[in-house]
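Summary of structural features
Now for the letters of each chain:
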Amino acid sequence: MNISTKPNETKMSQSTDRQNKISKIIRTRRSVYADEFVKQNIPDELLNEILINATYAPTHKMTEPWRFIVLKNHYLNQLGSYLADYYKDFYFEKFAAEEAFEKYNVLKEYPLNSACVIGVVMVRNTKINLPEWEEVAAVSSAVQNMALTCTAHNIGSYWSTSAGAIDYVKQFDLAENEQSLGLMYVGYYPEDLEPSRKKRTPIANKVTYFQ
């Protein structure tokens, strides 16, 4: 048997390529808001891939504490009207009438260019008593998987956890053990969309090694 300690150059190269690709997807993921989308449908196969990848998130004791509600077509109009009415009083209390009307109309049209909007629901397991934070963490990981899959396919996404988003999902007959965690807007964006200029804190400021 010949044993070599010399790295296999082909395998090393392939591994590096994969690592670079994964790192690029993670580091270029960003929130793209629905008013930046251009109207275009996502193929059903790709949407299904996005949702399936969500289910591969870490989940303690395999509780899989998530459920998703996919909204398309006239539900986007319904969502826009709901959000505009939800914040109407707030707008008219805080802004002059003309500005309040403008904000009302912007919000009414806000979801319309989305390919779809996904309601995010946390489903607490009634038989396995896990801390709530673990279940929230699992659902958050599922949403991140969706966001990364979107990024890999040049699709924008944004997870809205506003009060209006939370309450909108509650309309869909959630069970006692279910909790709305908001809405994920998904859609295509223009090719000339400005890249994010947000900077991350250097990792040296965030990690402590004990050796």
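Residues numbered from 1 in each chain as written. Predicted model: local features only at pLDDT ≥ 70, side-chain atom pairs only at ≥ 80, totals over all residues. Heavy atoms only, no water.

1. Concerning the UniProt feature "domain: Nitroreductase" (unreviewed entry) in the protein
- Those places that UniProt annotates as "domain: Nitroreductase" (unreviewed entry) correspond, in this numbering, to residues 26-188.
- The span residues 26-188 shows a helical share of 47% and a strand share of 18%, and its end C-alpha atoms are spaced 18 Å apart. (UniProt positions renumbered as here; feature names shortened; annotations may be inferred. Helix = DSSP H or I, 4+ residues; strand = E, 2+ residues; numbered from the N terminus.)

2. Some thoughts on the layout of surface pockets
- If you add up the space inside the largest pocket, you get close to 700 Å³.
- What lines the largest pocket is a set of 26 residues, among which Arg27, Thr28, Arg29, Arg30 and Ser196 lie closest to the centre.
- Those elements giving two or more residues to the lining of the largest pocket turn out to be α1 (9-28), α5 (132-152) and β3 (156-160).
- For the lining of the largest pocket, the element with the highest residue contribution is α1, accounting for four residues.
- For the lining of the largest pocket, the class distribution of residues is nine nonpolar, seven polar and ten charged. (1 Å grid on protein atoms, 1.4 Å probe; cavity = no way out; pocket = protein on both sides within 12 Å on 5 of 7 lines; lining within 4 Å. Points joined across faces, edges and corners; volume = space filled by probe spheres on them. Nonpolar A, V, L, I, M, F, W, Y, C, P; charged D, E, K, R; others polar.)

3. Observations regarding the packing of helix α2 (residues 44-54) against α5
- Here α2 crosses α5 at 145°, and the two axes come no closer than 7 Å. In this structure, α2 crosses over α5, and the sense of that crossing is right-handed. The residues of α5 that touch α2, namely those facing Glu49, Ile50, Leu51, Asn53 and Ala54, are Ala142, Asn145, Met146, Thr149 and Cys150.
- A class-by-class count of the residues in the contact of α2 with α5 yields six nonpolar, three polar and one charged. (Axes fitted to C-alpha atoms, helices over the stretch in contact; angles between N-to-C directions. Left-handed = near helix turned anticlockwise from the far one by under 90°. Contact = heavy atoms within 4.5 Å.)

4. Things to note about the pairing of strand β2 (residues 116-123)
- Among the eight residues in β2, eight count as buried, and that is most of the element.
- Alternating positions in β2 separate into two faces, Cys116, Ile118, Val120 and Met122 on one and Val117, Gly119, Val121 and Val123 on the other, with burial throughout.
- Note: β2 against strand β4 (residues 178-187), seven bridges, orientation antiparallel. Looking across to β4, one finds that Val117 is bridged to Tyr185. (Buried < 20%, exposed > 50% of the residue type's maximum accessible area, 1.4 Å probe, protein only. Pairing = 2+ DSSP bridges.)

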